[in-house]
Amino acid sequence: MRASTRIRRKAVVLAAVASLGTGLLAGCADDGDNESGSSNGGDGSGKTTITLGLFGTFGFKEAGLYDEYMKLNPDVVIKENVVERNENYYPALVNHLTTNSGLMDIQGIEVGNIAEVVATQSDKLLDLSKYGKKSDYLEWKWQQATTKDGTTVGLGTDVGPMAICYRKDLFQQAGLPTEREEVAKLWAGDWKKFVDAGRDYQKKAPEGTTFMDSPGGLINAILSSETERFYDASGKVVYKENPAVKAAFDLTAEAAQDGLVGNQTQFQPAWDTTIANSKFAAMSCPPWMLGYIKGKSKPEAKGKWDVAAAPKSGNWGGSFLAVPKSGKNTEEAAKLAAWLTAPEQQAKLFKVQGSFPSTPAAYTMPEVTGAKNDMTGDAPIGEIFAEAAKTAPVQVIGPKDQIIQQGLTDNGVILVTQGKSPKEAWENAVKTIDNNLDQ
């Protein structure tokens, strides 16, 4: 699942809770007569109904996993209730966790929210370390959902290992290498080399194109490769004092000043248009981005993309499944959560949905090793993303990471593409972030 990056003011959050809270409760009531939405024979069949509250597209239904599980467990019925966007889903989930009511048997949690849930709501959630096998998951993924006393409140679904997607045709026209191994050598180990490669591209760039899509994409990629970003290990907000954050901001601002990045905000209509019209040559690229590229590109772009290793490994995106203690079928729900996130099922999800597994055992399965994408031709995307996942840093995740990230991008580096100085952009970002953190 892609990490949500939209900031919402307190009034909007409260409105979301008010509007969605009743909807989630209604969804639960439809599935049974108990608070959690599970039922034992509520439909007259004597079967156990397990409900999932999710956001976006986890892909379980699309990959046929629910049907497969129900065949293996004929006494179980699975129903899901999906809210399209996490920014609407999560405030309602927090409200239900706080009141310990209206919860589904299984709840999805986005990686950007997991630290807050671990810190403030872990007592409401089942310890899933008794159901999922720690050794199955990437160490850093397991750690993200585990409290200091060793309680694991979520089992990891996907991760977003970082690579660089690039247009081979545009690289060739600009005089850069096009083979992925040679491309990766241009910037191996250093994001400054990546920006330098952008300068080389821009010297002979096809008219109307930039090296990279957006300043937000660049700073996010750089920061995804850092162990410590916005919080330190003690939970203190340190983004203003952390030299890694300021260095990432300054390097991105420098690229923006030099015209190496587009002036768009990611995941907005104008940015979609730059994909469709081939207006940039490279972009930060976790696995799920390939699906986005495919969905927004014109047919003639098929096969013109490739994937190379990023300067440094990082992670962008991912989610978890949690089981609230208030459910009446917590044992069955925990078993389902463990099954859905087991290596075999994660490999199937990657093949169908492009959600990259958080379980290393899946990386040797044919669904991953043989993975191909229409946009990237014969690129061994499974192998490339697997290597990035295995070497990504164990990152300190804080409860307000999304607010800080959003401030640095949409209220910070984007301003440099609009004529602001890096100093002005940084000051505006800090002001915006601190105002939002105080709410």
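All values reported here derive from a predicted model rather than from experimental measurement.

(A) Focus on the state of the cysteines. For the structure shown, the criterion picks out one disulfide. Between the sulfur atoms of Cys165 and its disulfide partner Cys285 the distance amounts to 2.0 Å. Across the disulfide from Cys165 to Cys285, rotation about the S-S bond amounts to roughly -55°, and the bridge is consequently left-handed. Placement of the pair is Cys165 in strand β6 (residues 163–167) and Cys285 in strand β8 (residues 280–285), with a sequence separation of 120 residues. In this structure, Cys165 and Cys285 share a single accessibility class: buried.

(B) Examining the packing of helix α8 (residues 191–203) against helix α9 (residues 215–224) more closely. Contact geometry for α8 and α9: axes closest at 11 Å, N-to-C directions at 155°. Viewed along their axes, α8 and α9 adopt a mutual orientation that is roughly antiparallel. Here α8 runs over α9; the crossing is right-handed. Taking contact as the criterion, the partners of Trp191, Phe194 and Val195 in α8 are, on α9, Leu218, Ala221 and Ile222. Across the contact of α8 with α9, the residue classes break down as six nonpolar, no polar and no charged.

(C) How the structure looks around the packing of aromatic side chains. Counted according to the given criterion, the structure contains 25 aromatic pairs. Each member of the aromatic cluster is reached from another via a ring pair, and the members are Tyr166, Phe171, Trp187, Trp191, Phe194, Tyr201 and Phe211. The ring centre of Trp426 lies 5.3 Å from the NZ or CZ of Lys246, which sits over that ring. Here the basic side chain of Lys296 rests over the ring of Tyr292, its NZ or CZ set 5.6 Å away from the ring centre.

What counts, and where the lines are drawn
Residues numbered from 1 in each chain as written. Predicted model: local features only at pLDDT ≥ 70, side-chain atom pairs only at ≥ 80, totals over all residues. Heavy atoms only, no water. Disulfide = S-S within 2.5 Å. Helix = DSSP H or I, 4+ residues; strand = E, 2+ residues; numbered from the N terminus. Buried < 20%, exposed > 50% of the residue type's maximum accessible area, 1.4 Å probe, protein only. Axes fitted to C-alpha atoms, helices over the stretch in contact; angles between N-to-C directions. Parallel < 35°, antiparallel > 145°, perpendicular 65-115°, else oblique. Left-handed = near helix turned anticlockwise from the far one by under 90°. Contact = heavy atoms within 4.5 Å. Nonpolar A, V, L, I, M, F, W, Y, C, P; charged D, E, K, R; others polar. Phe/Tyr/Trp six-rings, centres within 6.5 Å; stacked < 30°, edge-to-face > 60°. Lys NZ or Arg CZ within 6 Å of the ring centre and 35° of its normal.

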